[in-house]
Amino acid sequence: MEFYRVIVDAGKRKRYACGCFTEITEYKRRACAVCGKERVTPNYDKMFEDKAWNMKLLLDRNYYADFIFSQVRGIVSEKAKKVLSENFSNAVDFGDIEMVSQRDIPSSFLKYYRGMCGSKNTKLIVNDPPQYYRLLLKKGAVLDFIRSGVKKVSSCKVCDYVEYDIPFELIGDSSRIYITGSTWEHYDLFNVEGMGNTMFCTERFISVYNVNNLTGLMFQPIQSV
Ligand SMILES: [Zn+2]
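Structural notes, computed from the coordinates. Because the structure is a prediction, the values reported are computed rather than measured. (Residues numbered from 1 in each chain as written. Predicted model: local features only at pLDDT ≥ 70, side-chain atom pairs only at ≥ 80, totals over all residues.)

## Details of the overall build of the chain
Part 1 of the reasoning: A count of helical and extended segments in the chain gives seven helices and 18 strands.
Part 2 of the reasoning: Over its C-alpha trace the chain gives a radius of gyration of 18 Å, about what one expects of a compact globule, namely 17 Å for 225 residues.
Part 3 of the reasoning: Dimensions of the chain, computed from the C-alpha atoms along their principal axes, are close to 50 × 50 × 30 Å.
Part 4 of the reasoning: Residue burial in the chain is summarised as follows: out of 225 residues, 29% are buried.
Part 5 of the reasoning: Taking contacts inside the chain between residues at least 6 apart in sequence as the whole, the part at least 24 apart equals 78%. (Helix = DSSP H or I, 4+ residues; strand = E, 2+ residues; numbered from the N terminus. Rg over C-alpha atoms; globule rule 2.2 N^0.38 Å. Buried ≥ 20, exposed ≤ 12 C-beta atoms within 10 Å, placed from the backbone. Contact = placed C-beta atoms within 7 Å.)

Written as structure tokens, this is what we have:
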């Protein structure tokens with residue numbers, strides 16, 4: 001079985017829009033009483049997976065891919081949502097997003113955004129963006145920690161904090177990522193514990209992606225043992 005790491009296609013001739021959730025700054029950082037790590041409360045993953053929360057998202061330019069990326073995870077277009085639901089219903093779930101226009105963003109957030117991304121990019125934030133959805137995936141295989149060179153540095157049962165030491169080579173070179181093939185749960189798109197929000201997929205996923213002319217992703221082969 002061949003597996004691939006899913007990476008962002010930022011756009012070749014023209015840059016695709018990226019997303020930014022406008023409410024994340026309102027979440028407070030708090031130190032855990034047990035391990036002392038500062039965490040956003042609730043943590044990003046839990047926020048992102050909370051289907052009840054209608055998160056607010058801005059887009060930073062008007063060239064739209066089917067898969068776009070925000071500070072948290074993958075976001076998909078209406079078309080990609082339909083294709084994924086029809087082909088990979090066991091692997092994917094979706095959360096709602098409230099798309100926000102430049103004109104409706106509070107000035108306090110625009111000020112924060114300008115500080116982070118500059119005033120030129122702030123002016124590019126679009127009005128009336130198309131609808132996108134949060135893409136929710138499951139853990140679908142186990143990383144071969146030893147072969148991949150990943151170590152669990154620390155973890156905390158109280159705040160769910162887990163820190164992995166992910167070597168630089170692994171981030172830059174997908175061919176050094178090993179997953180244990182026998183642990184694959186037969187999802188065509190999935191996450192792997194220890195690799196955060198990185199998405200992995202099968203050839204079947206790539207073929208559906210290509211047949212439907214979806215945009216915004218690239219694929220790099222990884223190792224499976
Ligand atoms: Zn803790």
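## Regarding the sheet that holds strand β8 (residues 92-95)
Part 1 of the reasoning: Pairing is antiparallel in the open sheet, where four strands are placed in the order β6-β7-β10-β8. The open sheet is flanked by β6 (67-69) and β8, the only strands paired with a single partner. The mean angle between the axes of side-by-side strands here comes to 40°, regardless of whether they run parallel or antiparallel.
Part 2 of the reasoning: Examined bridge by bridge, β6 and strand β7 (residues 74-77) share three bridges and lie antiparallel to one another. Of the residues in β7, the one forming a bridge with phenylalanine 67 is valine 76.
Part 3 of the reasoning: Sheet contacts for helix α2 (residues 78-87): β6, β7, β8 and β10 (132-137); angle to β7, the most-contacted strand, approximately 95°. (Pairing = 2+ DSSP bridges. Axes fitted to C-alpha atoms, helices over the stretch in contact; angles between N-to-C directions.)

## Details of the pairing of β10
Part 1 of the reasoning: A large share of β10 lies buried, amounting to five of its six residues.
Part 2 of the reasoning: Here β7 runs beside β10; their pairing, made up of three bridges, is antiparallel. In the sheet register, serine 77 faces β10, and the bridge partner there is tyrosine 132.
Part 3 of the reasoning: Inspection of the sheet shows β8 paired to β10 by four bridges, in the antiparallel sense. In the strand pairing of β10, valine 92 is matched with leucine 137.

## A short note on the sheet that holds strand β16 (residues 199-202)
Part 1 of the reasoning: Pairing is mixed in the open sheet, where seven strands are placed in the order β17-β1-β16-β15-β11-β14-β18. Bordering the open sheet on either side are β17 (217-221) and β18 (223-224), each of which pairs with just one other strand.
Part 2 of the reasoning: In this sheet, strand β14 (residues 178-180) lies alongside strand β11 (residues 139-143) in antiparallel orientation, the contact comprising two bridges. Note that in β14 the partner of leucine 143 across the bridge is isoleucine 179.
Part 3 of the reasoning: Together, β1 (3-8), β15 (189-192), β16 and β17 form the strand contacts of helix α7 (residues 203-211), whose direction differs from that of β16 by roughly 90°.

## Some words on the environment of cysteine 35
Part 1 of the reasoning: You can see cysteine 35 is positioned in the loop between β3 (28-31) and β4 (38-41).
Part 2 of the reasoning: Each C-alpha atom, one on cysteine 35 and one on serine 154, is 9.4 Å from the other, the two residues being 119 residues apart in sequence.
Part 3 of the reasoning: Excluding residues that lie within four positions of it along the chain, cysteine 35 makes contacts with Cys156, Val158, Cys159 and Tyr161.

## Describing unusual backbone geometry
Part 1 of the reasoning: Not every positive phi belongs to a glycine, and aspartate 128 is a case in point at roughly 50°.
Part 2 of the reasoning: The backbone of asparagine 213 shows a phi angle near 50°, a positive value even though the residue is not glycine.
Part 3 of the reasoning: Assignment of secondary structure puts asparagine 213 in the loop between α7 and β17.
Part 4 of the reasoning: What makes asparagine 213 exposed here is the crowd of 9 C-beta atoms within 10 Å.

## Considering the environment of leucine 136
Part 1 of the reasoning: The residue leucine 136 is located in strand β10 in this model.
Part 2 of the reasoning: Overall, the presence of 17 C-beta atoms within 10 Å leaves leucine 136 in the partly exposed class.
Part 3 of the reasoning: Here the alpha-carbon distance between leucine 136 and glycine 36, two residues 100 residues apart in the chain, equals 29 Å.

## Topic: the pairing of strand β13 (residues 162-165)
Part 1 of the reasoning: Bridge count between strand β12 (residues 151-155) and β13: four bridges; the pairing is antiparallel. What sits directly across from lysine 152, in β13, is tyrosine 164.

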